[in-house]
Amino acid sequence: MTFRPLHDRLLVRRIEAEEKTAGGIIIPDTAKEKPMEGEVIAVGPGARDESGQLRPLDVKAGDRILFGKWSGTEIRLDGEDLLIMKESDVMGIIEVQASIRKAA
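Bear in mind that the values here come from a model prediction, so they are computed numbers and not experimental data.

## With respect to unusual backbone geometry
Positioned with a positive phi, His 7 is a non-glycine residue whose angle comes to about 50 degrees. Structurally, the position occupied by His 7 is in the segment before strand 1 (9-14).

## Considering the pairing of strand 5 (residues 64-67)
Burial along strand 5 is one-sided: the residues Ile 65 and Phe 67 are buried and none of Arg 64 and Leu 66 is. Bridge analysis of strand 2 (residues 37-43) against strand 5 gives 3 bridges, and the strand direction is antiparallel. Looking across to strand 5, one finds that Glu 39 is bridged to Arg 64. One ladder, built from 4 bridges, connects strand 5 with strand 8 (residues 90-94); its direction is antiparallel. Its bridge partner being in strand 8, Ile 65 is matched across the sheet by Ile 93.

## Let's talk about the pattern of salt bridges
Pairing is possible between side chains that carry opposite charge, provided their charged atoms lie close to one another. Scanning all chains against the criterion turns up 8 salt bridges. Measuring nitrogen to oxygen at the nearest pair gives 2.5 Å for the salt bridge that ties Arg 13 to Glu 80. Separated by 67 residues along the polypeptide, Arg 13 in strand 1 and Glu 80 in strand 7 (residues 80-86) bring together distant segments of the chain. Of the residues examined, Arg 13 reaches a relative accessible area of 30% and is grouped as partly exposed. Residues Lys 60 and Asp 63 are paired through a salt bridge, measuring 3.2 Å at the closest nitrogen-oxygen approach. What makes Lys 60 exposed here is its relative accessible area of 54%. You can call Asp 63 buried: its relative accessible area is 10%.

## Brief notes about the environment of Arg 4
Looking at the secondary structure, you find Arg 4 in the segment before strand 1. According to the relative accessible area criterion, Arg 4 is exposed, its value standing at 62%. With 39 residues separating them along the chain, Arg 4 and Val 43 place their C-alpha atoms 7.2 Å apart.

Conventions we followed
- Residues numbered from 1 in each chain as written.
- Predicted model: local features only at pLDDT ≥ 70, side-chain atom pairs only at ≥ 80, totals over all residues.
- Heavy atoms only, no water.
- Helix = DSSP H or I, 4+ residues; strand = E, 2+ residues; numbered from the N terminus.
- Buried < 20%, exposed > 50% of the residue type's maximum accessible area, 1.4 Å probe, protein only.
- Pairing = 2+ DSSP bridges.
- Salt bridge = Lys/Arg side-chain N within 4 Å of Asp/Glu carboxyl O.

Written out as structure tokens, the structure is:
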């Protein structure tokens, strides 16, 4: 199934947090919080401004983003839990530095 968001909405897949702390302590499922980081899967065409012009989104498919704890609407699509949210719910885009990308 394919899904195409409308207007200024995004389809986001949560990126799961680490299961261990820096000190090596394993965090049980009951103590974990929902991750606030995700990968954008699909974006809408954009929103219209007061003059009726289409304003494209700053976020694009493939971006890693940070969003609020209670942002978006959870949906299940093809057996996968995803989020639909507005671009205004996004706090920022995580950009990986070139030196880190080369090392990976």
